[in-house]
Amino acid sequence: MESSLKRKRFLLLGTAAVVVATLAVLYLLGSVLLTLGISAVIAYVLLPVAKLMERGMPWRRNRPGLARGISVGIIFLVGLGVFAGLIIAVVPPTIEQGQGFIEDFPTFLNNARITIEGWVAQYADVVPADVRNQIEEALAGAGAIVGTAAWNVAKQTLGVIVGSFSFILGLAVAPVLIFYLMKDSSPIRESLHTPFPTAIRPFLRDIIDIADRTLGGYIRGQLTLGVIVGTIVAVGLLIMGVPFAVVLGIVAGLTELVPIIGPWIGGAVGVLVTLATEPDKVLWVILLYLIVQLLENTLLVPRIQADTLNMHPIAVILVITIGSQYFGLWGVILGPPLVALAKDVIIYLVEQWNEAPGVDEGAFVPGVDNSDPLEGGAAQEDPLQESASGS
């Protein structure tokens, strides 16, 4: 028993070393693999749709490869058609609005300040001078903090994109990558651990399952929330006649990718533009964003995302702050799920470390012990893994 426990812990140390080394290599090749990562995310999101279509094909059991290829091909063609339609009908006016929005943003800030100052002037006699000075100093300090943070995020993000010529070249091959990542998802998944020793492969399979459970749920959840929230905001602002409604909807959807504070950032941008252009509608716009927040927190998040991150809000905000400082926009978006994944993997390794090997077998067989609370992850259906009958 003691020798089996020592062997198990030795294998766990080897697994941890492999994971750390793999992450280090991915980090060093981050800008080079950026296109591959984006393509993998798109394939990951679309793969469940392909699997759903595949189940309705009568020849799936006899010709699983053909069924997968046809389902992926249909989705691919439909996606290209939708993309082409968006480019023709939606993208040009959106780009035009976006350019005007960016050009007029300094004017929006100035007009919003003038509007707020006008409101404050109406109540200047009510608010004491010392209180007004404190409020103005606090707002100035908050503005400086927000401006510095925004500059750091933009600088880090632009540095990654501009400094990677391979990213620009990779855009041309992204559709091909997405197609094959969806079509050959099962062999690709198996190939992730085949280069490593057989003894640690069960541990690596479990870690891949944990990554799928944490990152997969988070990615799909955030993208779904972003589309829903962005659509609701855009439609609501269009009904109210607020300028740049489509752009503000896109901003709301994109900021939804940032957990906790992202929706408030998107709402602040919408309120700022309304103050600068249609100040009489600002209360209705604030009400719209509050209703969207209420709808999101009470109905959408519990159903779509649940406790994907399973992190305290303070920890999430801390991760976002550190990520924005060192990694720009990618740190803001990817920091929380990666930290949540690291936490889950560490918990798994610690539980395996403390868990004694099975007595009946006389030797450790990783991934089989039924007392392991995380056991069974490899048997669950995975978006990047074929079922037994379809692989």
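Residues numbered from 1 in each chain as written. Predicted model: local features only at pLDDT ≥ 70, side-chain atom pairs only at ≥ 80, totals over all residues. Heavy atoms only, no water.

### With respect to the overall build of the chain
Across its full length, the chain holds eleven helices and zero strands. Ordered by position in the sequence, the α and β elements of the chain form the string α-α-α-α-α-α-α-α-α-α-α. Classification of the 391 residues of the chain by burial places 35% in the buried group. Contacts in the chain between residues far apart in sequence, at least 24 positions, make up 74% of those at least 6 positions apart. About 22200 Å² of surface is accessible on the chain, with carbon and sulfur atoms providing 72% of the total. (Helix = DSSP H or I, 4+ residues; strand = E, 2+ residues; numbered from the N terminus. Buried < 20%, exposed > 50% of the residue type's maximum accessible area, 1.4 Å probe, protein only. Contact = heavy atoms within 4.5 Å. Areas by Shrake-Rupley, 256 points an atom, 1.4 Å probe, with all protein chains shown as cover.)

### A word on the packing of aromatic side chains
By the definition in use, this model includes one aromatic pair. When the ring of Phe179 is compared with that of Tyr180, the centres are 5.3 Å apart and the planes differ by 90°; the resulting orientation is edge-to-face. Exposure remark for Phe179: the relative accessible area of 21% places this residue in the partly exposed category. (Phe/Tyr/Trp six-rings, centres within 6.5 Å; stacked < 30°, edge-to-face > 60°.)

### Examining the nonpolar core
In terms of nonpolar packing, the biggest core is built from 19 residues, with Val233, Leu237, Leu248, Val285 and Tyr289 touching the most fellow members. Taken together, the elements giving at least two residues each to this core come down to α7 (201–240), α8 (245–255), α9 (262–277) and α10 (282–304). (Core = buried A, V, L, I, M, F, W, Y, C linked by side-chain atoms within 4.5 Å.)

### Some points on the pattern of salt bridges
On inspection of all chains with the given rule, the structure shows three salt bridges. Residue Glu355 pairs with Lys8 through a salt bridge whose shortest N-O separation is 3.7 Å. Linking Glu355 in the segment after α11 (313–354) with Lys8 in helix α1 (residues 2–28), this pair joins segments that are 347 residues apart in sequence. (Salt bridge = Lys/Arg side-chain N within 4 Å of Asp/Glu carboxyl O.)

### Let's talk about the packing of helix α2 (residues 34–55) against α7
Helix packing for two helices is described by the angle between their axes and how far apart those axes are. Two elements in contact, α2 and α7, have axes whose closest approach is 10 Å; the angle formed by their N-to-C orientations is 85°. The pairing of α2 with α7 is recorded here as roughly perpendicular in orientation. Of α7, the residues touching α2 (which contributes Val41, Tyr44, Val45 and Pro48) are Asp212, Gly216, Ile219, Arg220 and Leu223. For the contact of α2 with α7, the per-class residue count stands at six nonpolar, one polar and two charged. (Axes fitted to C-alpha atoms, helices over the stretch in contact; angles between N-to-C directions. Parallel < 35°, antiparallel > 145°, perpendicular 65-115°, else oblique. Nonpolar A, V, L, I, M, F, W, Y, C, P; charged D, E, K, R; others polar.)

### Some details on the packing of α7 against α8
Running from amino to carboxyl end, α7 crosses α8 at an angle of 155°, the nearest separation of the two axes being 7 Å. Classed by the angle they form, the pair α7 and α8 counts as roughly antiparallel. The interaxial crossing formed by α7 with α8 has right-handed handedness. Counting all contacts with α7, which are made through Gly226, Val229, Gly230, Val233, Ala234, Leu237 and Leu238, the residues of α8 involved are Ala245, Val246, Leu248, Gly249, Ala252 and Gly253. Residues that form the contact of α7 with α8 fall into these classes: nine nonpolar, four polar and no charged. (Left-handed = near helix turned anticlockwise from the far one by under 90°.)

### With respect to a nonpolar patch on the surface
A grouping of Val25, Tyr27, Leu28, Leu29, Leu318, Ile322, Tyr326 and Phe327 is seen on the molecular surface, where their side chains present a nonpolar patch of about 870 Å² in accessible area. Residue assignment for the nonpolar patch shows that the elements contributing at least two residues are α1 and α11. If one sorts the elements of the nonpolar patch by residue count, α11 sits on top with four residues. With relative accessibility at 52%, the residue Leu318 sits in the exposed group. (Patch = residues over 30% accessible without salt bridge, like charges linked within 9 Å, V, L, I, M, F, W, Y side chains within 5 Å.)

### A word on the environment of Ile178
Residue placement: Ile178 occurs in helix α5 (residues 165–183). Along the sequence, Ile178 and Tyr44 sit 134 residues apart, while their C-alpha atoms lie 8.9 Å from each other. Contact partners of Ile178, with chain neighbours within four places excluded, come to Ser39, Ile42 and Ala43.

### A word on the environment of His193
Among the secondary structure elements, His193 is positioned in the loop between α6 (185–191) and α7. Its relative accessible area of 3% is what places His193 among the buried residues. Separated by 15 residues in sequence, His193 and Ile208 have C-alpha atoms that sit 9.1 Å apart. Every residue in contact with His193, bar those within four places of it in the chain, is listed here: Arg201, Leu204, Arg205 and Ile208.

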